[in-house]
Amino acid sequence: MNFTCVRTSLVLLLVVCAEALAQSPRVDVLFQREQLTQPGMSLFVLGSLPELGAWDVRYAVKLEQSDYPSWKVRVSLPANRDYAYIYVLRDDGAGQLGNWNNADYVTSVLNDRTPPASPARSASNKLVVIEGTLENPTLFYRDRGTFNPYLTVPLEDVGNGSEPGSVRWAATGLGLEDEGMDFYALDSTGLRVPSTGFFSTALDEAYVKDDELFSYVPPETTTPQLLLANRSYASAILGESRTVRILLPRNYGQVPGMRYPVLYMHDGQGLFGTGRKWMVEQAASEQTRSGKMREIIVVGIDNSGFDNRFRDYVPNGDTSSYGDGDADSYSAFIRDELKPQIDAEFLTIDKAGTTGTMGSSLGGVCSLYQGWAWGDTFRRVGALSGAWPFSVNFNQTLDDAAPSFSGLRVYLDSGDAGPGLDNFGITTGVRDTLLARDEAIQTFSIEGNLRYRVGFGDEHDEYAWARRLPGALAFLYPVNEDASGLKTLEFVVRGDANTDGTLNPEDLYTFDSEPSGDFDNDGLDGTDADRAFLLDLLRSHELDDID
């Protein structure tokens, strides 16, 4: 193979991918059917795509019945994709959705194809770069989330890695832009990357180093996440100080130009660490290193006691035996006092659409309220196990009150076990209310701007929230919306001593006149070993041209 041609194709690919839109092309598909049901039964749609449950009836999508007996639901699906689906009646009660046998199929399997994206998207090759001490590796890849046979392509040596002895290996021509991919590499000695399993990511440009996946060129030494604990921020609005814990992502401050969205989380005392905690740092680390979510800054805000928690998290207009809700004051504290300090001190992305809010129980209620009433700031909402009985008045506004913005993205869930069944029924009602909203107000679609999950057997506790957190993070901050930094990567033809972009005998003459270049990547420049390595490269290159 002519290596110069390989290098050219890689460089061109970087330009193409840099101009791509961040989100994969998707379309909303309306599933609608007239269906009479018995009390306690609902209509679901089950299909071949992951968004439709991937034929696992436990994850079929429930249709909502605001105009019974007409059932409908909008689901966001990949554009221009063949799929199959079927309608099924299921017992929709708590503890029933996880039952494989809870299914009464009311139609035969139907086949369809999603429409193409508008505007149409042109096909583009993907780029995978793997840095390491591999020997003649091969890349194995397939469409993400499928059981299709792996395709193979040799990885090409495109220059030295960041550490002595390491090499950058790259491959292109791996399918279509915006289509997710599963992949791993295997070299001639049996060394595998990752060491077990495979990467599964929506990134079009992926860089792998030390079994971690990046959307940018990582620094020579990867630095871990950093938790800044027990910081105190004074609030004139609340009349008190709040303890804040800040989780900074890996390589923070080490990647030129890199800035991060911020997720504000409530009940900071229960977020970090092990045991009865959310284990946020573990979830964020795993989701980023495996290529599921983009890197973010997490700000955990401690509550200041039981009574104040009700005051801060319950929406204005709602009340209980614990007092009146005043989530507006707490939200103003975050927006007007805390957030400006965070933005001034850290490398944040301070623009509409990227700032998130997340909590559980009353914190889940507060998060949805902040997205609804404070949408100029909070547009990524994670509401886990919402304590909706404390927000009756707010709940009633969800079907007719129009947010003063567009682009709200909501993750909503509950368990279905334990005392009160984790408000499973009310949470389902909140989900249906959002889906039934008039299109003139704002349309919600499953897996588009709304993800709804049930934790089968989960109760109302931190262990359950820790289990569901990774999926919530990946939905609210998907990795493919992160602008790739790989466009800054320059591939160098190994042995190109005169830097003319090609490998030929002139490079040997240049080296002999002024020895320079660490061609064997041993950390030493311009040595006899580099000359011998260059000579072997030239001979190999000549054989490739003859072939």
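Residues numbered from 1 in each chain as written. Predicted model: local features only at pLDDT ≥ 70, side-chain atom pairs only at ≥ 80, totals over all residues. Heavy atoms only, no water.

End to end, helix α5 (residues 362-373) covers 16 Å across 12 residues, agreeing with the expected 16 Å (1.5 Å per residue, within 8%). Burial runs high along α5: 11 of the 12 residues are buried. Every buried residue of α5 is accounted for by L362, G363, G364, V365, C366, S367, L368, Y369, Q370, G371 and W372. (Helix = DSSP H or I, 4+ residues; strand = E, 2+ residues; numbered from the N terminus. Expected span 1.5 Å × (residues − 1). Buried < 20%, exposed > 50% of the residue type's maximum accessible area, 1.4 Å probe, protein only.)

Turning to the side chain of E295, a few remarks are in order. Looking at the element boundaries, E295 is found in the loop between α2 (280-289) and β22 (297-301). Polar contacts involving the side chain of E295 include one to the side chain of Y216, which spans 3.0 Å. Only 2.9 Å separates the side chain of E295 from the side chain of R250, close enough to count as a polar contact. When residues no more than four places from it in sequence are discounted, the contact partners of E295 are Y216, P249, R250, Y260, P261 and T288. (Polar contact = N/O pair within 3.5 Å; in protein donor to acceptor, adjacent residues only side chain to side chain. Contact = heavy atoms within 4.5 Å.)

Considering all chains together, one arrives at 32 salt bridges under this definition. Measuring nitrogen to oxygen at the nearest pair gives 2.8 Å for the salt bridge that ties R335 to D336. On the basis of relative accessibility, which here comes to 26%, the residue R335 falls in the partly exposed class. Take D336: its relative accessible area is 42%, and that puts it in the partly exposed class. (Salt bridge = Lys/Arg side-chain N within 4 Å of Asp/Glu carboxyl O.)

Reading across from one edge, β1-β5-β4 is the order of the 3 strands in this open sheet, with antiparallel pairing throughout. Each end of this open sheet is capped by a strand with a single partner; those strands are β1 (26-34) and β4 (64-67). Across the sheet, the axes of successive neighbouring strands diverge by a mean angle of 35°, strand direction being ignored. Pairing of β1 with strand β5 (residues 70-78), which is carried by 9 bridges, proceeds in the antiparallel orientation. Within β5, the position partnered with F31 by the bridge is V73. (Pairing = 2+ DSSP bridges. Axes fitted to C-alpha atoms, helices over the stretch in contact; angles between N-to-C directions.)

With mixed pairing, the 8 strands of this open sheet are ordered in space as β19-β20-β22-β21-β25-β26-β27-β28. Each edge of the sheet is formed by a strand with only one pairing partner; in this case those strands are β19 (226-235) and β28 (450-455). The average angle at which neighbouring strand axes cross in this sheet is 15°, direction not considered. With 5 bridges joining them, strand β21 (residues 262-266) and β22 adopt parallel strand pairing. Its bridge partner being in β22, Y264 is matched across the sheet by V299. On top of the sheet, helix α4 (residues 327-345) reaches β19, β20 (240-248), β21 and β22; it is set at about 125° to β19, its chief contact. Set on the sheet, α5 makes contact with β21, β25 (356-360), β26 (380-384) and β27 (409-415); between it and β25 the angle comes to about 155°.

A separate point is the environment of N230. Locating N230 in the fold gives a position in strand β19. Owing to a relative accessible area of 59%, N230 belongs among the exposed residues under this scheme. With 71 residues separating them in the primary sequence, N230 and I301 have C-alpha atoms 9.9 Å apart. If near-sequence neighbours (up to four positions away) are discounted, N230 is found in contact with T243, V244 and R245.

On to the pairing of strand β13 (residues 167-171). Most of β13 sits out of view: 5 of its 5 residues are buried. Neither face of β13 is open: one carries V167, W169 and A171, the other R168 and A170, and all of them are buried. Bridge analysis of strand β9 (residues 127-132) against β13 gives 5 bridges, and the strand direction is antiparallel. Opposite V128, over in β13, you have A171 as the bridge partner. The sheet contact formed by strand β12 (residues 156-160) and β13 spans 3 bridges and is antiparallel. The residue of β13 that forms the bridge with E156 is A170. The turn linking β12 back onto β13 is made up of 6 residues, and G165 within it adopts a positive phi angle of 90°.

With respect to the element layout, W169 can be found in strand β13. As a C-alpha pair, W169 and V128 span 41 residues in sequence and 8.2 Å in three-dimensional space. The contact partners of W169, leaving out residues within four places of it in the chain, are V128, V129, I130, G132, L134, N136, P137, L155, E156, D157 and V158.

Glancing now at the side chain of S367. Looking at the secondary structure, you find S367 in helix α5. Within the structure, the side chain of S367 is placed 3.4 Å from the side chain of T357, a separation counted as a polar contact. Once you skip the residues sitting within four places of it in the chain, S367 turns out to touch H266, T357, M358, G359, V381 and G382.

Summed over all chains, the structure comprises 20 aromatic pairs. Where F31 meets Y83, the ring centres are 6.3 Å apart and the plane angle is 75°; that geometry is what we call edge-to-face. Of this pair, F31 sits in strand β1 while Y83 sits in strand β6 (residues 82-91), and the two are 52 residues apart along the sequence. In this structure, F31 and Y83 share a single accessibility class: buried. On the basis of an interplanar angle of 90° and a centroid distance of 5.8 Å, the ring pair of Y85 and Y87 is categorised as edge-to-face. (Phe/Tyr/Trp six-rings, centres within 6.5 Å; stacked < 30°, edge-to-face > 60°.)

Moving on, we come to unusual backbone geometry. Following Y68, the chain continues into P69 via a peptide bond in cis, with omega recorded as 10°. By the element assignment, P69 lies in the loop between β4 and β5. Residues V193 and P194 are joined by a peptide bond in cis, for which omega reads -5°. Along the chain, P194 falls in the loop between β15 (192-193) and β16 (199-201). One non-glycine residue, W55, adopts positive backbone phi at about 65°. If you trace the backbone, W55 turns up in the loop between β2 (41-47) and β3 (61-62). Within the chain, S385 stands out as a residue other than glycine whose phi angle is a positive 50°.

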